[in-house]
Amino acid sequence: AQSVSQHNHHVILSEAASLELGCNYSYGGTVNLFWYVQYPGQHLQLLLKYFSGDPLVKGIKGFEAEFIKSKFSFNLRKPSVQWSDTAEYFCAVNDGDYKLSFGAGTTVTVRA
Amino acid sequence: IAGITQAPTSQILAAGRRMTLRCTQDMRHNAMYWYRQDLGLGLRLIHYSNTAGTTGKGEVPDGYSVSRANTDDFPLTLASAVPSQTSVYFCASSLQGGSTEAFFGQGTRLTVV
C-alpha cells in the first residue's frame, strides 16, 4: 500500500502570506496525485489533480501543485492566502489500484 | 438528490449495538468507498467496491461490513459497535477507480458510548 506523508500538521499564517504544503509518497511507479480540501464542517472537495503531462498543475481558488518525480513529491502552493483558505488539506495518491491513500492532513489557519 | 447522500448526519450509539450507515449516489459511478476520518490519522479506507456486486477490504476493515447490491447504494454496517469506532465516516464514489476524481458525501459523525 501507498504511504503518504504530509510534513506539516498545523500551519498558521497571515492573510497575503504565501503557502506551501509538502507531500511525499512511497510508490516508485506511475501514480495519480490529488489534493483535497476540507473546509470547517464540510466534506472533502478536490483542489487539483495530476495524472500525466505538465508537472505543474493549477487547481481551483488559485492553488497549484508541482509533481517532482525524482523526489516523490507533490507540494501544494498558493502565492497569497485569504482568510477563507482556513481549512484542512489532504494529499492523496493512487498507484493504479482502486484505492486512494491519504496523508494525515495539514490544518491551515489564516489570520485576518 | 445531487451527488452523494449519507444518513444519518450524526448518531450516538451504545456499545454492542448494530448500526448501518447509509450512502447513496446518483452519479452512476462504478466505484464506491467508505473512509473513516480520525484526528492526526487522515482518512483511512475501510471497504471499497469497484462495481455493483463486488466489494473489497481496505486498510481498516475489521468490525465493518459492506454490500453493493446495486450501483447507487453502498451501506456500511457495524455489527457490534465498540468505542474505538467513534469517528467521522465518509462515503465517496468515483466514475472508475484510481485515476478518476473521488466525490465525497457530507459525512456521518458516529459516537459509540
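Cut-offs applied
- Residues numbered from 1 in each chain as written.
- Chains lettered and ligands numbered in written order.
- Predicted model: local features only at pLDDT ≥ 70, side-chain atom pairs only at ≥ 80, totals over all residues.
- Heavy atoms only, no water.
- Contact = heavy atoms within 4.5 Å.
- Buried area = accessible area lost by both parts, 1.4 Å probe.
- Salt bridge = Lys/Arg side-chain N within 4 Å of Asp/Glu carboxyl O.
- Polar contact = N/O pair within 3.5 Å; in protein donor to acceptor, adjacent residues only side chain to side chain.
- Helix = DSSP H or I, 4+ residues; strand = E, 2+ residues; numbered from the N terminus.
- Buried < 20%, exposed > 50% of the residue type's maximum accessible area, 1.4 Å probe, protein only.
- Core = buried A, V, L, I, M, F, W, Y, C linked by side-chain atoms within 4.5 Å.
- Pairing = 2+ DSSP bridges.
- Axes fitted to C-alpha atoms, helices over the stretch in contact; angles between N-to-C directions.
- Disulfide = S-S within 2.5 Å.

(A) Here's a closer look at the interface of chain A and chain B. Contact with chain A, which involves 21 residues of that partner, is made by 23 residues of chain B. Buried area between chain A and chain B, both sides added, is near 1,800 Å², and the carbon and sulfur share of it is 59%. Remark: the boundary between chain A and chain B carries zero salt bridges. There are five residue pairs in polar contact (both at pLDDT 80 or more) connecting chain A and chain B. Every element with two or more residues in the side of chain A that touches chain B is listed here: strand S5 (32-38), strand S6 (44-50) and strand S10 (87-94) of chain A. With four residues, the single largest contributor to the side of chain A that touches chain B is S5 of chain A.

(B) The side chain of Ser93 of chain B, seen in detail. Residues and elements named next belong to chain B. Positionally, Ser93 belongs in strand S9 (residues 87-94). The exposure class of Ser93 is buried, given its relative accessible area of 0%. Within polar-contact distance, the side chain of Ser93 engages the side chain of His29 at 2.7 Å. Beyond its immediate stretch of four places on either side in the chain, Ser93 contacts Ile4, Gln25, Met27, His29, Ala31, Met32, Tyr33, Glu101, Ala102 and Phe103.

(C) Main features of the nonpolar core. Of all hydrophobic cores here, the largest spans 28 residues; its most connected members are Trp35, Leu48, Phe74, Leu76 and Tyr89 of chain A. With four residues, the top contributor of residues to this core is S10 of chain A. Excluding anything up to four places from it in sequence, Tyr89 of chain A contacts Gln6, Leu21, Trp35, Tyr36, Val37, Leu47, Phe63, Leu76, Gly105, Thr106 and Val108 of chain A. Formed by 19 residues, the second largest nonpolar core is a distinct cluster that contains Tyr36, Leu46 and Phe90 of chain A together with Ala92 of chain B.

(D) Seen up close, the sheet that holds strand S3 (residues 19-25) of chain B. All names here are of chain B. What the four strands build is an open sheet, ordered S1-S3-S8-S7; its pairing is antiparallel. Bordering the open sheet on either side are strand S1 (4-7) and strand S7 (64-66), each of which pairs with just one other strand. Neighbouring strand axes in the sheet, compared pairwise and without regard to direction, differ in orientation by 20° on average. Sheet analysis places S1 next to S3, joined by four bridges and oriented antiparallel. Residue pairing for S3: Gln6 is matched across the bridge by Cys23.

(E) Representation of the pairing of strand S2 (residues 10-14) of chain A in the model. Residue and element names in this part refer to chain A. The side-chain alternation of S2 yields one buried face, formed by Val11 and Leu13, and one unburied face, formed by His10, Ile12 and Ser14. Pairing of S2 with strand S12 (residues 106-111) involves five bridges; the strand directions are parallel. When the sheet's bridge partners are listed, Val11 is paired in S12 with Val108.

(F) The arrangement of the pattern of salt bridges in detail. By the definition in use, this model includes seven salt bridges over all chains. Note that Arg36 of chain B is salt-bridged to Asp38 of chain B, the shortest N-O span being 2.8 Å. Neither Arg36 of chain B nor Asp38 of chain B differs from the other in exposure class; each is buried. Each member of the salt-bridge network shares a partner with another, and the members are Lys58, Glu64, Glu66 and Arg77 of chain A.

(G) Broad picture of the state of the cysteines. All names here are of chain A. Counted under the stated rule, the structure contains two disulfides over all chains. Here Cys23 is linked by a disulfide to Cys91, with a sulfur-sulfur distance of 1.9 Å. Taking the torsion about the S-S bond as the criterion, the Cys23 to Cys91 disulfide, at about -65°, is left-handed. Of this pair, Cys23 sits in strand S4 (residues 23-25) while Cys91 is found in strand S10, placing the two residues 68 residues apart along the sequence.

(H) Structural detail: the environment of Asp85 of chain A. All names here are of chain A. Along the chain, the position of Asp85 falls in the loop between strand S9 (73-78) and S10. By relative accessible area, which is 2% here, Asp85 ends up buried. On a C-alpha basis, the gap between Asp85 and Val108 in space is 7.5 Å, while along the polypeptide they are 23 residues apart. At a separation of 2.8 Å, a polar atom in the side chain of Asp85 contacts the main-chain amide nitrogen of Gln82.

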